[in-house]
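The primary structure of each chain is shown beneath.
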Amino acid sequence: MAKNKSAYVCTECGAEHAQWQGQCQVCHAWNTLKEFKLSPAKKSTGTGSKGYAGTTQNKVQSINDVDLSVVPRISSGMSELDRVLGGGIVPGSVVLIGGDPGVGKSSILLQVMCHLSTQQNVLYVTGEESLQQVAQRAKRMQLPDEKLRLFTETDVETITVASENEKPKVMVVDSIQTMQLAEVSGGAGGVSQVRESAAYLTRYAKQNNVAIFLVGHVTKSGEVAGPRVLEHIVDTVVFLEGQSDSRFRTLRAIKNRFGAVNELGVFAMTEKGMKQIKNPSAIFLSRGEDAAPGSVVMVVWEGSRPLLVEIQALVDDSPYGAPKRVTVGLDQNRMAMLLAVMHRHGGIQASDQDVYVNVVGGVKVSETSADLAVLCSILSSMRNQPLSQELIIFGEVGLAGEIRPVPSGQERIIEAAKHGFKRAIVPIGNVPKNGIPGMEIIGVKSLQQALDVL
C-alpha cells in the first residue's frame, strides 16, 4: 500500500511547498501554510474517472474538430443574477457564491432552484440545515417548491451518486465547508477537504454537464474561507455583500469564464426573499430636497452598465498635528494623491484639515472616473458652497493636472440625462459630437479649468 505524502499549501495564494516554513515563498505571507495529505495517484484506465457516470474515453483532437456550437444558457428567473453570471447559467459550470453569514446566499439560491424546478430537474443539497428547515424557509417565502428535490448529506461521493440517480440540470451544494471525502484526511472545513471536495464536484460537473452552485463561507477579511486555490478551481466567483443596517444587497462577479467580471447585480432583502432592483441608480440617489455642501453625483461603470452614485465629502479643521484622511468606498491612497494634485495645480491646500469622503449606499468605487467628482466634493465642503443637484461630474485626474477621458463616456451622460440631470462637467474627450437633448455638457481639459467652471 502506497504511503500518503504531505504537502503544505498557502491559504492566501494556494502555492504548494514540500515542507512547512513560517513564510510563503510566493506571496510572502506569514503563518499561512497548512498541511495537506496527498493521496496516491490512481492509474488511468482510459475510460474516464472512476466514480462518475456518463464519462467517455478521452482522445486527442484537432482544434478544427472541436464543436463550437453555442450551448444554450439556463435562465435563473432573475435578470440581475443572469447579468452577473454573463447571461444565465452555463450547463456544466461551477459557480462559487461567497458572503457573510445571514446576507442571503441560501435564500437567493433557494428562490432560483424553486423557479427552475418548475421547468427541469434540480437538486438542492444542504450540509448545514435539515430538510425541515429548508422546507420551512421555502413555505415562508411562498415559493413554488412542489417539484424541488432536497437532499441532506456531507459526503461528496454520496452526493454524486444521488445526483446520478436524480439527473439534475442544476445542483446547489450548501456549503462547501461542510463537505468531505472519506479518502482525504482532516475534518470538514480544512484545507485538504475543501480543496479536494471542490475539485471532485468540479470534475463531476464537467463530465456530466451539471451546473453546480457552491456556497462558500468568508473569513473576517472578506475572502472565501479555505485555500485560495479554491477560486481557481471553479468557473465563476461571485460575492453577495450587504450592510447589517440596510436591506439592499449587491452581487458582484470577481471571476467569470463566461462573461464580464465586476458585473453588479442589486437586490433587496424582503420577507419573501430577494427582490431584484432593476434600476439601482434610483436607490443610491436618495438625496435630500435641499442641496448640501460636499455632495456631488457621478457616474461609475459597473460591468456592462452605468450606475449613478453620490459622493459626499466633509472637510474640517484638524485639531491635531497630523490631519486625517478617511475614505469609505474609495482608495485612501488615491485620495491623498488627488489632494496633492489639487494643491499643486489648483492652488487649494488642505494640509491642515481633516478630509472625509464617503460613497453613499455602500458602493465601492475602484475606477479612476471618480477623481474629478471627489475633488469637486472636497472643494464644495471646504468653501461651504453646495453644488447644483442637477449637476453630474466624472473624469480622471492626472498628476500633471490634466483631465483624462474615461471609457463609455457618452453612455454615462445618457444615463444621467434619463434621471433628470441637466448639466455635466466631463473630460473634453468624452463630449458627444452631436450633444444630448436637455443636457448642458461642459468639457474640461485641466483641473484648473474645471474649478473655474464650478
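Residues numbered from 1 in each chain as written. Predicted model: local features only at pLDDT ≥ 70, side-chain atom pairs only at ≥ 80, totals over all residues. Heavy atoms only, no water.

Oppositely charged side chains can form a pair if their charged atoms are brought close together. The tally for this structure, following the rule as stated, stands at 12 salt bridges. When the shortest N-O distance is used, the salt bridge between Arg 137 and Glu 129 registers 2.5 Å. The pair formed by Arg 137 and Glu 129 is uniform in burial state, with each residue classed as buried. Salt bridges linked by common partners bring Lys 206, Asp 235 and Arg 257 together as one network. (Salt bridge = Lys/Arg side-chain N within 4 Å of Asp/Glu carboxyl O. Buried < 20%, exposed > 50% of the residue type's maximum accessible area, 1.4 Å probe, protein only.)

Next up on the list: the sheet that holds strand β4 (residues 94-99). Read across the sheet, 9 strands follow the order β6-β5-β7-β8-β4-β9-β10-β11-β12 without closing on themselves; strand pairing throughout is mixed. Looking at which strands have only one partner, the edges of the open sheet turn out to be β6 (149-152) and β12 (273-276). Ignoring strand direction, the axes of neighbouring strands in this sheet form an average angle of 25°. Judged from the 5 bridges that link them, strand β7 (residues 170-174) and strand β8 (residues 211-216) form a sheet pairing that is parallel. From the neighbouring strand, Val 170 faces β8, where its bridge partner is Ala 211. In the packing of helix α3 (residues 131-140) onto the sheet, contacts are made with β5 (122-126) and β6, and the angle to β6 comes to roughly 145°. Its contacts with the sheet place helix α5 (residues 191-208) against β4, β7 and β8, and it is angled at close to 160° to β8. (Pairing = 2+ DSSP bridges. Helix = DSSP H or I, 4+ residues; strand = E, 2+ residues; numbered from the N terminus. Axes fitted to C-alpha atoms, helices over the stretch in contact; angles between N-to-C directions. Contact = heavy atoms within 4.5 Å.)

Turning our eyes to something else, we now look at unusual backbone geometry. Negative phi characterises most residues that are not glycine, and trans characterises most peptide bonds. With an omega dihedral of 0°, the bond running from Asp 174 to Ser 175 counts as a cis peptide bond. Positive phi, close to 60°, is recorded for Asn 384, a residue that is not glycine. Along the chain, Asn 384 turns up in the loop between α9 (371-383) and β17 (391-393). Despite not being glycine, Ser 408 has its phi angle at roughly 55°, a positive value. Structurally, the position occupied by Ser 408 is in the loop between β19 (403-404) and α10 (409-418). Judged by relative accessible area, Ser 408 falls into the partly exposed class, the value being 28%.

Moving on, we come to a nonpolar patch on the surface. A cluster of nonpolar side chains, contributed by Ile 63, Val 66 and Leu 68, occupies part of the molecular surface with about 360 Å² of accessible area. Mapped onto the elements of the fold, Leu 68 is located in the loop between β3 (33-38) and α1 (79-85). Judged by relative accessible area, which is 73%, Leu 68 ranks as exposed. (Patch = residues over 30% accessible without salt bridge, like charges linked within 9 Å, V, L, I, M, F, W, Y side chains within 5 Å. Areas by Shrake-Rupley, 256 points an atom, 1.4 Å probe, with all protein chains shown as cover.)

Moving on, we get to the side chain of Ser 117. Inspection of the secondary structure puts Ser 117 in helix α2 (residues 105-117). The class of Ser 117 is buried, set by a relative accessible area of 4%.

It is worth spelling out the confidence of the model for the protein at this point. Within the protein, residue pLDDT values average 87, and 91% of them lie at 70 or more. Contacts of residues 41-56 to residues separated by more than four positions or lying in other chains number 22 contacts, the stretch itself having pLDDT below 50. (pLDDT = per-residue confidence, 0-100.)

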